[in-house]
Amino acid sequence: MTATEHQQQTNPLEEGLLLRRTPDPCALVIFGASGDLTHKKLMPALYALMLRRLLPARFAIVGVARTDGDDDAFRSDMKDAVQKHARDVFRKDVWDELAQNMHYVATDFADDGGENKLQDLLTKLDKERDLGENRVYYLAVPPAAFPTIVDELGKRRSASGWTRLIVEKPFGHDLESARELNTMLREHFEENEIFRIDHYLGKETVQNMNALRFANGIFEPIWNRQFIDHVQITVAESIGIEGRSGYYESAGAIRDIFQNHLLQLLALTAMEPPVDFTAESVRNEKVKVLKALHTPGPKSVVRGQYGRGYVEGEEVVAYREEQGVAPDSMTETFVAAKLYVDNWRWADTPFYVRMGKRLARRETTIAIQFKRAPHPPFGEVASEGLRPNVLLVHVQPDEGVSLAIGAKVPGQGMTIRTVHMDFLYGGAFRTSLPEAYERLILDTLLGDGTLFTRADEVEEQWLLVDSIVAAWQRDRPSFPNYAAGTWGPPSAEDLLQRDGRSWRRN
Amino acid sequence: MAAQLSAPAVVESWNGKDVKLGEVEAALAQLRAATASAGGPPNIRTSVMTHIAWVPEEWRDQARTALAGMAERHPSRTILLDPQPDSGKNRIDATVTLECYAVPDSERSICSEIISLELQGTRAKAPASIVEPLLITDLPVFLRWRGEPPWGSPELDQMVTLTDRLIVDSTEWDDLPYPYRRLVELYERTAVSDIAWSRTSRWRMLLASLWPGIADVSTIRVHGTQAQACLVAGWLRSRLGRDDIVFDVDERERLEGIDLDGKAAPFPPGDPPAPSDVLSDELDRFTRDPVYEAAVRAIAS
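Quantities reported herein were computed from a predicted structural model and do not represent experimental measurements.

(A) Representation of the overall build of chain A. Check the secondary structure of chain A and you find 14 helices and 19 strands. A compact globule built from 506 residues should have a C-alpha radius of gyration of about 23 Å, and chain A, at 25 Å, falls within 12% of that. C-alpha atoms of chain A, sized along the principal axes, occupy 80 × 65 × 40 Å. With 506 residues in all, chain A has 41% of them scored as buried.

Quick look at the structure:
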């Protein structure tokens, strides 16, 4: 057989070896390279990928930021970041290999010809390292900077090689701005070239929701209105706004968490089984759920703002006392809502969701509460400790799944108590869980958009948020209405009590 | 990559001479109760498999080395079988150990059970009847057979019947490639892994990256073990559909290089895996590996 004939053949040596997908050679350009995200998440993730040999052999990282500096200063800064924030032990040999691929361009990209400097550097790297003109552009910058950058990148995109664009949240401020952003991106990039990050989707435990539902025959038959009484999704943080008042004042809890993380968790919980796990199949199913979400009425949504209180024994200030927050701010730091997914599977099954800052503890959980046994044949006293079965998915911390079941208390007679069967993620799989950004960056390099949000998903999410926020314009709640370190305002409790239910005991 | 491995926070042991299997189970229950902190929640008994290791005396130290740290990565019940058919006694002596590892950010621990059984005299003849009552129901059973299995023996035959996956290391065998012919006979009965094969994976990835040039290779010289040379040659023969590829071996303790038609192939990136990592990777696999089986058939024929 000639070399040309071999070339046309599939490589038979690769069969059985594809345990690990290897990205094509490429350059990763990070806009906002001097920012917190790059220091705390992106560079530690790239280091972790390099340590595990998951980056392509021919690879370059180009940091772009307004801060003055050069390659050496950038490498030194990023080395500090990795030593401080990486989940792995720092290895000099690994770092040196990564650092030699790192470069820096100081520019604000708007009016100093920075786009030319970047282009020149990328062309040089292409020649030196044979990167095939493949590019990943990571927009870790405020949305206001997107149009200029995207326009310049679009104009200069190469005819050969592939181009991918990672866009960080917030993706718009409302439906209109999200649509504008989508339109602007699509002027230069195809949908399959745009990777909108919702880092929750990169978490192992969020992906485990798919494994739990679709790899186990016992759950799917009862995953519906016939057997499930209701669902509770909690995204609780004990921290405050951590100096992000500029962003948070205009976003609030509904744009910061509800619009993206929370609705994604809900969509994964409620979606139909996809035919396969390709990006389009999964995202099609999630969009169907988002489209089926019933707009909640004003009585089905509670908002709150924290006042002073105690978190882990330490007194903390009220939201309005945080630096940079207006003393009369009406920004919500807590949202709870009762949502309905209007489809055959979930009709009349409430999804209670709550999220907020300065709550009693950090916890993200999805609780599936099943209907009670129709007729427990035990005495009232015997079964008073018995609660309904709850399948609890711990997204963070204590990643895992637990199932609350009724069991007989040992001894004479028949007393029933609720006990938990725990599957602790770290118990069965003692490999450390990868950080979400590791998975998401690697997926982008590989061109796999499954764990990213598609344009129509984002727009459906904003449609719901806009309808909730529109109703808020008509009243002015008395803020603050919950103390830091509690589980939100009393009205959040009322939301469930009206239905004869209560929030899961934390 | 594995999590940072740590020494177990709690180790509890029990041993007995001439024991019944019921005593072993009872000892495990007592040890589990003993490791729970007073008034605290019980420790979690999480298991993903039963791991049986057939470890004749001469392999005991290597087996211990490979097991170190593995319990933390694969919470399991490990049953170490030490056959002593010539001991002059007919009994089972047992040592039961519970190793508990702290769960980060939790008061709980995760415990793995290690049951070491000395099968003395006639008790070594029917090992499956001893192991079967100790298997964890519904979980996969992995059997690591140290040294060359006694092909056709009742002991091997019984144990293979119990097993979902047999793990061998043909580096431990003599007179290669002959034993591969006997190994092939087991393929229809259980999935088989060979640690010698796993140790070539970095090199196989590298060789695959040399496609299509490598398709015309005529000779290969492997600087490594005889087993690795056989398996790499078998792999190339089977994948390329060419039984005319000639190979020889420059014997080394580990795979240090491969020459293709007299020219050294580039060295693959990364570090070679530790023994416990290789075994650990094999314990993550559940199904037959047709590429490996074809490679062994190609060299055994």
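(B) Examining the environment of I195 of chain B more closely. Residues and elements named next belong to chain B. Tracing the backbone through its elements, the reader meets I195 in helix 7 (residues 195–198). Spatially, the C-alpha atom of I195 lies 9.5 Å from that of D281, the residues being 86 residues apart in sequence. When neighbours within four sequence positions are excluded, I195 is seen to be in contact with I167, D169, V278, L279 and E282.

(C) Fine view of the pairing of strand 6 (residues 141–145) of chain B. Residues and elements named next belong to chain B. The buried fraction of strand 6 amounts to five of the five residues, a majority that puts the element mostly inside the structure. Here strand 6 shows a buried face lined by V141, L143 and W145 and a second buried face lined by F142 and R144. In the sheet, strand 2 (residues 49–54) pairs with strand 6 via five bridges, with the strands oriented parallel. Across the sheet, residue T50 finds its bridge partner in strand 6, namely V141. Note: strand 6 against strand 7 (residues 165–168), three bridges, orientation parallel. Bridging from a neighbouring strand, R144 pairs with I167 of strand 7.

(D) Highlighting helix 12 (residues 436–446) of chain A. Residues and elements named next belong to chain A. With 10 of 11 residues buried, helix 12 lies mostly within the body of the structure. Those residues of helix 12 that sit buried are A436, Y437, E438, R439, L440, I441, L442, D443, T444 and L445. Each element contacted by the buried residues of helix 12 is listed here: strand 1 (26–31), helix 2 (36–51), strand 4 (135–139), strand 5 (163–167) and strand 6 (194–196). Directly after helix 12, the chain includes G447, whose backbone phi takes a positive value near 80°.

(E) Examining the environment of I92 of chain B more closely. Residue and element names in this part refer to chain B. As for its placement among the helices and strands, I92 is situated in strand 4 (residues 92–102). Note: C-alpha distance between I92 and I220 (128 residues apart in sequence) is 49 Å. Residues within four places of I92 in sequence aside, it is in contact with D18, V19, L117, E118, L119, Q120, R123 and I130.

(F) Geometry of the sheet that holds strand 9 (residues 219–224) of chain B. Residue and element names in this part refer to chain B. On the basis of which strands lie adjacent, the open sheet formed by four strands has the order 10-9-11-12 and mixed pairing. Pairing within the sheet leaves two strands with one partner each, and these edge strands are strand 10 (246–251) and strand 12 (263–264). Two elements, strand 9 and strand 11 (residues 257–260), share four bridges in a ladder whose sense is antiparallel. Within strand 11, the residue paired with I220 across the bridge is L260. Those strands touched by helix 9 (residues 226–240) are strand 9, strand 10 and strand 11, and its axis lies near 150° from that of strand 9.

(G) Layout of the pairing of strand 3 (residues 76–84) of chain B. Residues and elements named next belong to chain B. The element strand 3 is extensively covered by neighbouring structure, given that eight of its nine residues are classed as buried. Of the strand pairs in this sheet, strand 2 and strand 3 are connected by six bridges, and their pairing is parallel. When the bridges of strand 3 are listed, I52 appears paired with I79.

(H) Representation of the sheet that holds strand 3 (residues 102–106) of chain A. All names here are of chain A. Taken together, the six strands give an open sheet; going across it, the order is 3-2-1-4-5-6, and neighbouring strands pair in parallel fashion. At either margin of the open sheet sits one strand with a lone partner, and together these are strand 3 and strand 6. Each adjacent strand pair in this sheet contributes to an overall mean axis angle of 20°, direction not counted. Bridging between strand 2 (residues 59–65) and strand 3 involves five bridges; their strand directions are parallel. Pairing of V62 across the sheet is with H103, part of strand 3. Across the sheet, helix 5 (residues 114–129) touches strand 1, strand 2 and strand 3, and the angle it forms with strand 2 is around 170°.

(I) Molecular detail of helix 9 of chain B. Residue and element names in this part refer to chain B. Its 15 residues give helix 9 an end-to-end C-alpha distance of 21 Å, which sits within 8% of 21 Å, the value for a rise of 1.5 Å per residue. In terms of burial, helix 9 is largely enclosed, as 13 of its 15 residues are buried. Positive phi appears at G241, one or two residues downstream of helix 9, with a value of about 65°.

(J) Representation of the domain arrangement of chain A. Residues and elements named next belong to chain A. Each assigned domain of chain A is listed with its residue range as follows: domain 1 (21–168) and domain 2 (201–497). Distance between the C-alpha centres of domain 1 and domain 2: 34 Å. Taken together, the 14 residues of domain 1 in the interface contact 11 residues of domain 2. Contributing elements (two or more residues each) for the side of domain 1 that touches domain 2: helix 2 and strand 5. Here the element with the most residues in the side of domain 1 that touches domain 2 is helix 2; it accounts for six residues. Broken down by class, the residue content of the side of domain 1 that touches domain 2 amounts to 10 nonpolar, no polar and four charged.

(K) Structural detail: the packing of helix 2 of chain A against helix 4 (residues 92–99) of chain A. Residues and elements named next belong to chain A. Where helix 2 meets helix 4, the closest approach of the two axes is 10 Å, and the angle between their N-to-C directions is 110°. Considering the angle they form, helix 2 stands roughly perpendicular to helix 4. Once helix 2 is placed against helix 4, the crossing between them reads as right-handed. Across from L46, Y47, M50 and L51 in helix 2, the residues of helix 4 making contact are V94, W95, E97 and L98.

Calculation rules
Residues numbered from 1 in each chain as written. Chains lettered and ligands numbered in written order. Predicted model: local features only at pLDDT ≥ 70, side-chain atom pairs only at ≥ 80, totals over all residues. Helix = DSSP H or I, 4+ residues; strand = E, 2+ residues; numbered from the N terminus. Rg over C-alpha atoms; globule rule 2.2 N^0.38 Å. Buried ≥ 20, exposed ≤ 12 C-beta atoms within 10 Å, placed from the backbone. Contact = placed C-beta atoms within 7 Å. Pairing = 2+ DSSP bridges. Axes fitted to C-alpha atoms, helices over the stretch in contact; angles between N-to-C directions. Expected span 1.5 Å × (residues − 1). Domains from an automatic or database assignment. Nonpolar A, V, L, I, M, F, W, Y, C, P; charged D, E, K, R; others polar. Parallel < 35°, antiparallel > 145°, perpendicular 65-115°, else oblique. Left-handed = near helix turned anticlockwise from the far one by under 90°.

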